[in-house]
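Close look at the chain arrangement
The chain contents come next:
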Amino acid sequence: MKFVDEAPVHVQAGKGGNGCLSFRREKFVEKGGPDGGDGGDGGSVYLEADESLNTLVDYRYQPRYAAESGEAGRGRNCTGAKGADLVLKVPVGTTVVDVDTGETLGDMTAAGERLLVAQGGWHGLGNTRFKSSTNRAPRQTTNGSLGEERALKLELKVLADVGMLGLPNAGKSTFIRAVSAAKPKVANYPFTTLVPNLGVVQVQKHRSFVIADIPGLIEGAAEGAGLGIRFLKHLTRCRVLLHLVDLSPFDGTDPVDNARAIERELAAFSPTLAARPRWLVLNKTDLVPATELDARCAAIVEALNWQGPVFRVAAIRGEGTDVLSGRLMDYLEERREEEAADPELVQAELESQRQMQREARARIEEQREAQRAKRRAAKQADDEDEDWGDDDHDVDIEYRQ
């Protein structure tokens, strides 16, 4: 199935039913009085998180949805039927944004969670509602109100505790295969990973966390090079980032320059994301001679002026991965205990995630606008070339005549 993590959706809630204008008409009953019933309420539109879904591909091909309208009232004080609510299933981890206002309406982070995105219209009143001692035969009714109409943008961000980033072929997919049951594609060429992959790392019984592998970044990703930066938004929910660095790149590049390139792209994408806890993982230690390993690792750490945790692993052999997984589990449990003891930390974490998502949304939109401008400029240049070609052809024909 195609992985789609963004989709525009237009939703329309149902209109409320109109009230009925009616009078009782029965044989031998004089002046029966008003008996027009109320209309029914319009149906509302809800989004519901479903853990069986992992992509928004269905909404890419069917973007418009409308709930059922309420029925009009009838005589004999019959109320119109209420319109059925429309419930749209989305993957867990979906963020809902109002396109017109830019407001984030909600984050669907738990299975079964529901979010009201369009309120149905209210019912109209029948003429029975307007009868009184001085108004014995009312002819007033009200119409049902229109339901809410909204243009939404659905953004899927995978739910993971730990996120990995690095250059292509840094060994991210190999690492996630070594520590979990996930089996992403691994090959000896760049951009083997085209969509995010998730794996569950079980350190001990009842102790596990989720790790995310996103497609690799390259220099200039913020300007659209490679696969660009749109997959970086999947790291905004992660509590800690693993920065994988290849100790022995196959193209002969400097590991320090490679690490700095990732740092620059991360800062250009979202300063808040760049400030998240990040651990340095020096991968492919099996490709470096044992006599040179300590010196090379120390040189990289010193050149980067790295202050955080540093780990050495050989993911393809599973060396060092158990130690790293255990440290990650301990760190995540400590964070959870701190947040359970201090609710302010939870609010600070939520605000940090919202800030990262705002920065990510703005940066991705800037990149897309730049790409659209480039395409418009290229199309304009092609049109000008075609115009010149037509003029030359006309002149040539006239000359031969």
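The following paragraphs examine the structure supplied in this document. Predicted model, so just to flag it, every value in this text is computed and none were measured.

Cut-offs and rules
- Residues numbered from 1 in each chain as written.
- Predicted model: local features only at pLDDT ≥ 70, side-chain atom pairs only at ≥ 80, totals over all residues.
- Heavy atoms only, no water.
- Pairing = 2+ DSSP bridges.
- Helix = DSSP H or I, 4+ residues; strand = E, 2+ residues; numbered from the N terminus.
- Axes fitted to C-alpha atoms, helices over the stretch in contact; angles between N-to-C directions.
- Parallel < 35°, antiparallel > 145°, perpendicular 65-115°, else oblique.
- Contact = heavy atoms within 4.5 Å.
- Nonpolar A, V, L, I, M, F, W, Y, C, P; charged D, E, K, R; others polar.
- Left-handed = near helix turned anticlockwise from the far one by under 90°.
- Disulfide = S-S within 2.5 Å.
- Buried < 20%, exposed > 50% of the residue type's maximum accessible area, 1.4 Å probe, protein only.
- Phe/Tyr/Trp six-rings, centres within 6.5 Å; stacked < 30°, edge-to-face > 60°.
- Lys NZ or Arg CZ within 6 Å of the ring centre and 35° of its normal.
- 1 Å grid on protein atoms, 1.4 Å probe; cavity = no way out; pocket = protein on both sides within 12 Å on 5 of 7 lines; lining within 4 Å.
- Points joined across faces, edges and corners; volume = space filled by probe spheres on them.
- Salt bridge = Lys/Arg side-chain N within 4 Å of Asp/Glu carboxyl O.

Examining the sheet that holds strand S4 (residues 86-91)
Strand order in this open sheet of 3 strands is S4-S2-S7, and the pairing throughout is mixed. Strands with a single pairing partner mark the edges of an open sheet, and in this sheet they are S4 and strand S7 (114-118). Taking the axes of each pair of neighbouring strands and ignoring which way they run, one obtains an average angle of 30° across the sheet.

Quick look at the packing of helix H2 (residues 172-179) against helix H6 (residues 321-341)
The N-to-C vectors of H2 and H6 enclose an angle of 80°; their axes lie 10 Å apart at closest approach. With respect to H6, the axis of H2 lies roughly perpendicular. Here Phe175, Ala178 and Val179 of H2 lie close against H6, whose contacting residues are Thr321, Leu324 and Ser325. The residue makeup of the contact of H2 with H6, split by class, is 4 nonpolar, 2 polar and no charged.

Regarding the packing of helix H3 (residues 255-269) against helix H5 (residues 290-304)
The N-to-C vectors of H3 and H5 enclose an angle of 40°; their axes lie 10 Å apart at closest approach. Classified by the interaxial angle, the pair formed by H3 and H5 is oblique. Once H3 is placed against H5, the crossing between them reads as right-handed. When H3 is examined against H5, the residues Pro255, Val256, Ala259 and Arg260 are found in contact with a partner set consisting of Ile300, Ala303 and Leu304.

Some thoughts on the state of the cysteines
On inspection of all chains with the given rule, the structure shows 0 disulfides. In this model Cys20 remains outside any disulfide bridge; the closest cysteine sulfur is found in Cys78, 9.0 Å from its own.

Quick word on unusual backbone geometry
The phi dihedral of Arg76 is positive, around 60°, even though this residue is not glycine. With respect to the helices, strands and loops of the structure, Arg76 is situated in the loop between strand S3 (64-66) and S4. Residue classification places Arg76 among the exposed residues on the basis of a relative accessible area of 71%. If you check the backbone angles, Asn169 has positive phi at about 70° while not being a glycine. Relative to the assigned elements, Asn169 resides in the loop between strand S9 (162-165) and H2.

Some details on the packing of aromatic side chains
Overall, the coordinates contain 3 aromatic pairs when judged by the stated rule. The rings of Trp279, Phe311 and Tyr331 are connected pair by pair, giving a single aromatic cluster. Stacked on the ring of Tyr46, the Lys or Arg Arg114 has its end atom at 5.7 Å from the ring centre. Directly above the ring of Trp279 sits Arg327, whose terminal nitrogen or CZ lies 6.0 Å from the centroid.

Regarding the sheet that holds strand S6 (residues 104-108)
One open sheet accounts for 5 strands, arranged S3-S1-S8-S5-S6; its pairing is mixed. Looking at the sheet topology across the chains shown, the edges are occupied by S3 and S6. Neighbour-to-neighbour, the strand axes of the sheet open up by a mean angle of 25°, direction not taken into account. Relative to S6, strand S5 (residues 94-98) runs antiparallel, the two sharing 4 bridges. Bridging across to S6, Val96 finds its partner in Gly106.

Digging into the pairing of strand S2 (residues 45-50)
The side chains of a regular strand alternate between the sheet's two faces. Looking at chain direction, S2 and S4 are connected through 6 bridges and run parallel. Bridge pairing in S4 places Tyr46 opposite Val87. Inspection of the sheet shows S2 paired to S7 by 4 bridges, in the antiparallel sense. Bridge pairing in S7 places Tyr46 opposite Leu116.

Concerning empty space enclosed by the protein
Under the defined criterion, the tally for this structure stands at 1 cavity of 30 Å³ or more. Taken as a whole, the largest cavity holds about 50 Å³ of empty space. What lines the largest cavity is simply Glu6, Lys153, Glu155, Lys157, Lys233, Gln357, Ala360, Arg361 and Ile364. If you list the elements that add at least two residues to the lining of the largest cavity, you get strand S8 (149-156) and helix H7 (343-400). In terms of residue count, H7 provides more of the lining of the largest cavity than any other element does, 4 residues in total. Grouping the amino acids of the lining of the largest cavity by side-chain chemistry returns 2 nonpolar, 1 polar and 6 charged.

Side note on the pattern of salt bridges
Taken as a whole and assessed by the stated rule, the structure comprises 32 salt bridges. With its nearest N and O atoms 2.7 Å apart, the salt bridge here joins Glu6 to Lys233. Taken together, the residues Glu6 in strand S1 (residues 6-12) and Lys233 in the loop between strand S11 (207-213) and strand S12 (240-246) connect sequence positions 227 residues apart. Pair check on accessibility: Glu6 and Lys233 agree, each one buried. With its nearest N and O atoms 3.0 Å apart, the salt bridge here joins Glu369 to Arg372. You can see Glu369 and its partner Arg372 sitting in helix H7, 3 residues apart, about one turn around the helix. For Glu369, a relative accessible area of 36% gives the class partly exposed. Within the structure, one salt-bridge network assembled from shared partners comprises Glu6, Lys153, Glu155, Lys157, Lys233 and Arg361.

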